[in-house]
Amino acid sequence: MASSLRRTSSLRNLLGLCLFIAGSLVTPSVLADNKPVKPEPSKSQQAKPELPHPFHAIYTAEYSGLSVEATRTLKALDDGTMELRFIAKSWLATIEEVSQFDWSPQGHLIPKYYLYNRSGLGYDRKAILNFDWATNKVVNNVQDKPWTMSLPDGALDKLGYQLQLRTDMLNKKYKVSYKVADGGRLKTYDFEVQGQEMLDTPLGKLKTTRVKRIRDDNERVTILWLANDWDHMLVRIQQREEDGKHYEINLASAELNGVPVKGL
């Protein structure tokens, strides 16, 4: 029984880390710090921001004999809404996340709908968030029990913030702070760039940017590597837990805008 509980706990941690890669470690930008918004420059003064292209990526991870495969996909829906979808599977559980959103002219992700669905691990859980930016509120519906929460401008959902991180890296914003609607609360996620690194991967050598999530206590350490030449797609993530356990997830294969990702 104890062995089974340890394996279940390890899988929860591994799947939880997989969730972090769903948008490529990724969330809100400078707009999300809840400060007064300055007047936007004229259209002639604005530089069009770079945005991540549609992609499909597959990640793999193993820990203590447990294996997980995760996929994430970004695509445009028929009405022009963007959709980021993430699925992680093991023999014990499946987790799916979906974020539907629009891009602002400044390259900020504007969430419209978020879904979290988990099955296995002894119990199921489903949460749906609908964002109403006319009133700056989000309706959380968890296990068919809805409630409403106020949001600041620029707040993101738990999946979309990860894609915003990639977008900010593309546009040379190297220290960012995001407000994320998570579990009925508003949480802050901070990241900073630590430098450049060449990684050996199943796809060959990739030039990457190393990014660290900043926490107050540093007892849990999360490091991400984003591919410089491939829209800053997530290549690897490592996490050290408070108990000293280490987890690592790696990119196995990917396509960016229909082109296979390849290293040097």
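Refer to the preceding data block for the structure.
Reference entry: report on the structure contained in this document.

What counts as what
Residues numbered from 1 in each chain as written. Predicted model: local features only at pLDDT ≥ 70, side-chain atom pairs only at ≥ 80, totals over all residues. Heavy atoms only, no water. Helix = DSSP H or I, 4+ residues; strand = E, 2+ residues; numbered from the N terminus. Buried < 20%, exposed > 50% of the residue type's maximum accessible area, 1.4 Å probe, protein only. Phe/Tyr/Trp six-rings, centres within 6.5 Å; stacked < 30°, edge-to-face > 60°. Salt bridge = Lys/Arg side-chain N within 4 Å of Asp/Glu carboxyl O. Core = buried A, V, L, I, M, F, W, Y, C linked by side-chain atoms within 4.5 Å. Contact = heavy atoms within 4.5 Å.

**A word on the overall build of the protein**
Turning to step 1, where the next piece is worked out: Summing up its helical and strand segments, the protein has two helices and 16 strands in all.
Turning to step 2, where the next piece is worked out: For the protein, the proportion of its 264 residues judged to be buried stands at 47%.

**Focus on the packing of aromatic side chains**
Turning to step 1, where the next piece is worked out: Following the criterion strictly, the structure yields five aromatic pairs and no others.
Turning to step 2, where the next piece is worked out: For the pair Tyr-178 and Phe-191, a centre-to-centre distance of 6.1 Å together with 45 degrees between the ring planes defines the contact as tilted. Of the two residues, Tyr-178 is situated in strand S10 (residues 175-182) and Phe-191 in strand S11 (residues 185-201); the sequence distance between them amounts to 13 residues. Across this residue pair, the class does not change: Tyr-178 and Phe-191 are buried.
Turning to step 3, where the next piece is worked out: Taken together through their ring pairs, the aromatic side chains of Tyr-161, Tyr-178, Tyr-189 and Phe-191 make up a single cluster.

**Some remarks on the environment of His-108**
Turning to step 1, where the next piece is worked out: For His-108, the location among the structural elements is in the loop between strand S4 (93-103) and strand S5 (109-120).
Turning to step 2, where the next piece is worked out: Along the backbone, His-108 and Ala-155 are 47 residues apart, and their C-alpha atoms lie at a distance of 9.9 Å.

**Re the pattern of salt bridges**
Turning to step 1, where the next piece is worked out: One pass over the structure, following the stated rule, counts nine salt bridges.
Turning to step 2, where the next piece is worked out: With a closest N to O distance of 3.6 Å, Asp-102 and Lys-112 form a salt bridge. With Asp-102 in strand S4 and Lys-112 in strand S5, this pair connects stretches of sequence that are ten residues apart.
Turning to step 3, where the next piece is worked out: The exposure class assigned to Lys-112 is partly exposed, which follows from its relative accessible area of 32%.
Turning to step 4, where the next piece is worked out: Here Glu-197 and Arg-210 are joined by a salt bridge, their closest N and O atoms 3.8 Å apart. Pair noted here: Glu-197 is in strand S11 and Arg-210 is in strand S12 (residues 204-214), with a separation of 13 residues, a long-range link.
Turning to step 5, where the next piece is worked out: By relative accessible area, which is 31% here, Glu-197 ends up partly exposed.

**Some points on helix H2 (residues 160-170)**
Turning to step 1, where the next piece is worked out: For H2, the tally of buried residues reaches eleven of eleven residues, placing the bulk of the element in the interior.
Turning to step 2, where the next piece is worked out: Of all the residues in H2, the buried ones are Gly-160, Tyr-161, Gln-162, Leu-163, Gln-164, Leu-165, Arg-166, Thr-167, Asp-168, Met-169 and Leu-170.
Turning to step 3, where the next piece is worked out: The first or second residue beyond H2 is Lys-172, which carries a positive phi of 60 degrees.

**Here we look at the nonpolar core**
Turning to step 1, where the next piece is worked out: Grouped together as the largest cluster of nonpolar side chains are 57 residues, with contacts concentrated most on Phe-55, Tyr-59, Phe-101, Leu-163, Phe-191, Leu-224 and Met-233.
Turning to step 2, where the next piece is worked out: At six residues, strand S13 (residues 221-227) tops the list of elements feeding residues into this core.

**Description of the environment of Ala-155**
Turning to step 1, where the next piece is worked out: Inspection of the secondary structure puts Ala-155 in the loop between strand S8 (145-150) and strand S9 (156-157).
Turning to step 2, where the next piece is worked out: Beyond its immediate sequence surroundings of up to four residues, Ala-155 is in contact with Pro-111, Trp-133, Lys-179 and Leu-186.

**Quick word on the environment of Lys-89**
Turning to step 1, where the next piece is worked out: Of note, Lys-89 is situated in strand S3 (residues 82-89).
Turning to step 2, where the next piece is worked out: Overall, Lys-89 belongs to the partly exposed group, its relative accessible area being 49%.
Turning to step 3, where the next piece is worked out: A sequence separation of 21 residues divides Lys-89 from Val-68, and the C-alpha atoms of the two residues are 5.7 Å apart.
Turning to step 4, where the next piece is worked out: For Lys-89, the residues in contact, after removing those within four places along its chain, are Ser-67, Val-68, Glu-69 and Thr-94.

**Re the side chain of Thr-81**
Turning to step 1, where the next piece is worked out: Tracing the backbone through its elements, the reader meets Thr-81 in the loop between strand S2 (66-76) and S3.
Turning to step 2, where the next piece is worked out: Setting aside residues no more than four positions away along its own chain, Thr-81 makes contact with Lys-75, Ala-76, Gln-100, Phe-101, Asp-102 and Lys-112.

**Some remarks on unusual backbone geometry**
Turning to step 1, where the next piece is worked out: Positive phi is not limited to glycine here, since Asn-136 has a value of about 55 degrees.
Turning to step 2, where the next piece is worked out: In this structure, Asn-136 sits in the loop between strand S6 (125-132) and strand S7 (137-142).
Turning to step 3, where the next piece is worked out: At Asn-257, a position not held by glycine, the phi torsion is positive, near 55 degrees.
Turning to step 4, where the next piece is worked out: Inspection of the secondary structure puts Asn-257 in the loop between strand S15 (246-256) and strand S16 (259-260).

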